[in-house]
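In case you want the letters, here they are:
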Amino acid sequence: MAEGIRCRLVRYLEDLTEEELKKFKLYLKDERSIPRGRVEGADRAELAELLVSTFGKKKAWNLTKRFSKKMGLRGLWERAGEEGLRDERNKYRERMKEKFQLMRERNSRPGEHKLFHHRFTELLLLREYRDKKQKHHELLVHGWKHAKVMQEQGQLIEMVALFDPFKETGVQPRTVVLQGAAGIGKTTLASKVMLDWAEGNLFQERFDYVFYLTCRELNPLGEREISFVDLIANDWPGPQAPMTEIMSQPERLLFIIDGLDELKFPCNEHRYDLCKDWKQKEPVSILLSSLLRKTLLPEACLLLTTRLTALGKFSPLLESPRHVEILGFSVQHREEYFCKFFRDKDLGEKAFHLVKGNGTLFTMCSVPLMNWIVCTCLKQQMEKGQNPVQALKTTTALYMCYLSNLIIPDDKNFIFQHLRDLCCLAAEGIWDRKVLFEEEDLRRNNLEAADVSAFLDMNIFRKDSGCENCYSFIHLSFQEFFAAMFYVMSTEEEGVKSSDSSIPSVRELLEECSGHNASFVVLVVRFLFGFLNIETARDLERKFRCRMSPKIKSQLLQWAQGETEKKTQCSNFAFYFPEFYSHLYETQDSEFVTQVLANIWEIKIEVFHQYDVLNAAFCVKHCYRARKISFICRFGLPADVWQELFSMVNKNPNLKELTLGSFEFDGSCMENLCKELNHPNCKLEKLTLIDLEVTYSSCQHLFSSPSLKSLVLCSKIVKDDAMKLPHEILGKKNSQLQILRISDFTGFAVNVLDLFSAENLKSLHLFFIRIREGVAELLHNVLAKQDCKLQAISLVNCRPHPAVCYKLFSVLGSSKSLKNLDLSYSIFGKEEIKCLCKTMENQVWKLEILRMSGCKLTVECLRNLLPFFCSIKNLKKLDLSNNLFGENEVNLLCEALEKQDCNLQILNVWEEDLSQTLKKIVTSLNSRKSFHITWKNYHTATKEFFDWDAEYM
């Protein structure tokens with residue numbers, strides 16, 4: 001204890017009155033171990049000394065607390081208990097600091113450690129505040145807008161806020177799940193939480209105790225029956241933990257459970273035999289399941305870590321968890337990690353800039369484990385005077401490079417048969433969900449402790465510090481690598497059989513990978529695909545004497561083609577599955593990937609993680625049969641990756657529609673895209689650019705692209721230095737552009753209308769553009785040209801300025817070619833309506849389709865507009881949906897249109913809240929009117945009745 005027990009006893013005895021002291025001595029006399037005569041005349045200091053010398057420190061203190069309680073001195077008793085417990089807590093904190101303040105490098109020598117804080121680098125944490133179903137729905141409906149909102153509103157979260165209340169409900173989460181890919185830093189972050197708490201820097205007001213459980217240490221316990229106290233008290237510094245006091249306030253407890261994906265025994269099968277008593281002995285699987293399901297200690301908090309791929313298995317067990325995804329290192333933190341690793345700022349920066357110049361390698365370094373392996377390989381190659389960058393393109397190549405530098409073929413201590421046995425052990429462990437191996441496991445695979453000494457020296461294999469005579473690979477991903485190597489070494493289709501188990505074949509491995517709970521074999525399969533790479537296969541044979549069998553390659557091709565067929569059928573031919581694309585990327589084999597994706601016609605990709613983008617880009621550029629490709633990225637990409645994507649437009653003769661989107665986009669990339677679009681082999685007909693910054697001069701090239709028929713710019717269009725390019729490059733005679741869509745809040749975008757010849761343009765859409773004098777003038781210039789073929793104009797959400805309304809409507813009304821006009825979601829007041837109706841005096845509108853959905857038209861507005869509608873003799877379709885029309889408005893509209901001599905065929909008047917009375921009126925009107933009354937919202941009506949662009953494509 002921090003303070004001497006004698007001093008503390010004296011201090012508490014001095015708080016007693018004379019009467020209370022007499023009573024205390026009476027209780028003490030009943031303890032037969034002490035002579036009554038010595039108690040009677042003792043003062044407070046002598047009494048304290050007598051207690052300690054007779055009973056020992058701990059029992060003396062416990063007796064004092066017990067007597068205080070019997071005497072009814074609750075305040076004294078509670079204060080004594082609190083101080084005693086505080087001292088116990090401090091001891092525990094010190095023990096946790098000792099345990100977690102040192103971290104062992106994966107390739108460090110025995111006994112070599114680094115201070116945790118000297119090596120730890122901050123990780124980006126993303127708070128996922130929606131449940132998966134809702135989030136999926138939002139992405140389908142809003143797409144890029146949803147991702148942009150998440151980024152702009154700062155959904156990144158700090159560790160200190162992990163258990164803060166949900167913003168939506170104000171309820172504090174009691175379970176937080178840290179989820180992420182392999183090697184992303186889940187265990188490191190969990191250790192950081194533990195160390196920060198122990199050092200007094202985190203959760204001090206929230207948790208009195210934090211207990212750390214790792215699933216790899218729970219696995220050997222299996223179905224052994226123990227109490228929950230036994231489970232968590234291993235790290236207690238003294239002989240006995242004060243568990244009764246600790247458990248008396250479960251809301252002040254935090255349990256960290258690290259590596260749920262590594263758990264060997266199931267936790268989702270126990271529903272009816274759960275445990276509620278922390279003192280009761282139960283199998284470990286039931287104790288853990290009870291804790292996760294909040295049956296045991298429901299008020300306590302949990303911090304769980306798991307791979308993303310294993311999350312689905314545990315989600316049903318968890319009660320209203322907060323999901324936090326670990327995104328890895330930011331660019332700044334990647335550089336910080338390099339400098340810490342090389343221990344020399346100049347050398348670290350040199351290595352960092354070397355990697356930064358390679359887009360593939362740099363992106364991989366966002367994952368901490370990859371960063372460590374990359375740094376290690378760089379250091380090894382630099383020491384040899386070799387350039388390592390080209391050898392480190394894929395995950396498999398990284399591991400091969402790392403291991404190749406460790407294994408020396410002529411080393412007498414290295415026996416390749418032992419490597420085969422180690423691979424067999426790794427594969428057996430994968431199928432048995434085992435990461436910690438006992439000597440019995442080694443012997444079953446023909447290995448003795450002496451046989452693995454070479455692997456221990458190379459830091460591939462290690463003795464586990466938590467369990468005697470137990471071994472593990474330095475990281476689960478290394479076990480998965482060697483398991484994949486086992487399948488390359490094995491020549492038997494059904495796998496190599498040991499005395500106690502049979503390791504499934506390659507075919508069974510691939511079948512398992514197709515299942516819903518495939519997380520434990522996904523990386524094994526990825527490494528197997530990586531071994532197909534020619535250079536990797538050559539290193540595999542040269543360094544490890546393993547030759548990739550043609551039979552395995554044909555099995556992987558057949559499986560991949562089968563997966564492609566299944567997934568396209570399930571996803572309506574919009575084919576993108578990140579895990580599957582990762583497998584294909586590992587091969588770096590263009591011919592193989594092209595064969596796999598030969599029957600893909602459409603791909604829609606929305607990438608939120610840096611470690612997915614390279615896989616997707618590689619596969620997309622080898623999908624030569626795709627007619628439609630959509631590639632949306634929520635962060636900046638290296639220029640070389642963009643260039644690979646752009647090359648699709650002339651390498652894929654089948655590609656007709658391309659959508660590209662990114663929040664960060666370099667201007668030089670746009671220039672490269674324009675060059676590819678003007679390539680003679682380019683057959684692209686529709687291009688959509690979302691969130692990309694497009695320069696004024698780039699628009700000139702885009703408009704003159706020979707094959708483009710449709711161009712959609714949902715982008716910011718900006719001025720640049722090249723605005724005055726030669727006029728002869730504009731509006732080339734071979735330009736096929738028929739549809740142009742521009743969406744931009746800046747207003748500058750409409751200036752591009754002055755850049756092109758409108759000889760083939762038939763449909764122009766302007767969204768979110770404030771129409772002022774200049775815009776009306778530009779539209780007039782376009783429509784007034786003799787060769788103008790413009791038939792459709794959309795000015796959706798454009799809100800024309802009152803001062804230019806009449807001029808704008810006059811320009812539109814005077815057009816000889818304009819047949820379709822959409823003015824939806826622009827507010828029309830009295831002045832705007834007056835200007836529109838006034839155009840009837842000078843122009844004869846030739847419209848066939850008119851849309852004014854969501855314009856907030858009042859009854860008075862509608863009454864003023866009726867003569868205008870009726871004056872358009874060719875009008876066939878009129879959309880007035882979402883204007884809050886009621887029974888009177890619908891009747892008024894139908895009666896007016898019926899009386900006039902018009903050719904109206906469809907009237908759409910959808911409202912969100914349709915009363916039963918209005919439903920009956922519409923049904924009745926449909927039976928009496930010469931035109932058909934429809935009830936569709938704006939987007940549905942566009943697809944069914946007003947998609948006028950369809951006839952141009």
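Data block above holds the structure.
Everything numeric in this text was worked out from a predicted model, so none of it was measured.

Backbone geometry at Leu297 places phi at a positive 50°, although glycine is not the residue there. Tracing the backbone through its elements, the reader meets Leu297 in the loop between helix H14 (284-292) and strand E9 (301-307). With a phi close to 55°, Asn797 is a non-glycine residue in the positive phi region. With respect to the helices and strands, the residue Asn797 is situated in the loop between strand E21 (792-796) and helix H37 (805-813). Under the relative-accessibility criterion, Asn797 is labelled partly exposed at 24%.

Taken across its five residues, strand E19 (residues 739-743) has four buried, putting it largely inside the fold. Sheet topology note: the strand E18 (residues 710-718)/E19 ladder contains four bridges and is parallel. Pairing of Leu711 across the sheet is with Leu740, part of E19. Of the strand pairs in this sheet, E19 and strand E20 (residues 763-767) are connected by five bridges, and their pairing is parallel. Residue pairing across strands places Leu740 opposite Leu764, the latter belonging to E20.

In this section: the pairing of E9. Sheet faces and side chains relate simply in a regular strand, where the side chains alternate between the two faces. Of all seven residues making up E9, seven are buried, and the element is well covered by its neighbours. Across the two faces of E9 the burial is the same, with Cys301, Leu303, Thr305 and Arg307 and Leu302, Leu304 and Thr306 all buried. Pairing of strand E4 (residues 175-180) with E9 involves six bridges; the strand directions are parallel. In the sheet register, Val177 faces E9, and the bridge partner there is Leu304. Pairing of strand E7 (residues 253-258) with E9, which is carried by four bridges, proceeds in the parallel orientation. For Ile257, the partnering residue across the bridge sits in E9 and is Leu304.

Taken in spatial order, the three strands make up an open sheet running E11-E13-E12, and their pairing is antiparallel. Among the strands making up the open sheet, the edge pair consists of strand E11 (437-438) and strand E12 (461-463). As judged from the three bridges shared by E12 and strand E13 (residues 470-473), these two strands associate in the antiparallel manner. Within E13, the position partnered with Arg462 by the bridge is Ser472.

A few words now on the pattern of salt bridges. Think of it this way: side chains of opposite charge can pair up when their charged atoms draw near. Summed over all chains, the structure comprises 21 salt bridges. The shortest N-O distance in the salt bridge between Glu262 and Arg216 comes to 3.5 Å. Highlighted residues: Glu262 in the loop between E7 and strand E8 (281-283) and Arg216 in helix H11 (residues 215-218), separated in sequence by 46 residues. The exposure class assigned to Glu262 is buried, which follows from its relative accessible area of 17%. Looking at Arg216, the relative accessible area reads 13%, which means it is buried. Between Glu602 and Lys604 there is a salt bridge, with the nearest N and O atoms lying 3.7 Å from each other. With relative accessibility at 18%, the residue Glu602 sits in the buried group.

On to the nonpolar core. Among the nonpolar cores identified, the biggest contains 274 residues, and Phe228, Met485, Phe631, Met852 and Phe869 are the most heavily contacted of them. In contact with Met852, not counting residues within four places along its chain, are Leu823, Ser824, Phe828, Leu836, Leu857, Leu865, Phe869, Asp879, Leu880, Ser881 and Asn883. Residues Leu9, Val39, Phe55 and Phe67 belong to the second largest nonpolar core, which totals 23 residues.

Quick notes on the rules
Residues numbered from 1 in each chain as written. Predicted model: local features only at pLDDT ≥ 70, side-chain atom pairs only at ≥ 80, totals over all residues. Heavy atoms only, no water. Helix = DSSP H or I, 4+ residues; strand = E, 2+ residues; numbered from the N terminus. Buried < 20%, exposed > 50% of the residue type's maximum accessible area, 1.4 Å probe, protein only. Pairing = 2+ DSSP bridges. Salt bridge = Lys/Arg side-chain N within 4 Å of Asp/Glu carboxyl O. Core = buried A, V, L, I, M, F, W, Y, C linked by side-chain atoms within 4.5 Å. Contact = heavy atoms within 4.5 Å.

The values reported here are purely geometric and, on their own, carry no functional implication.
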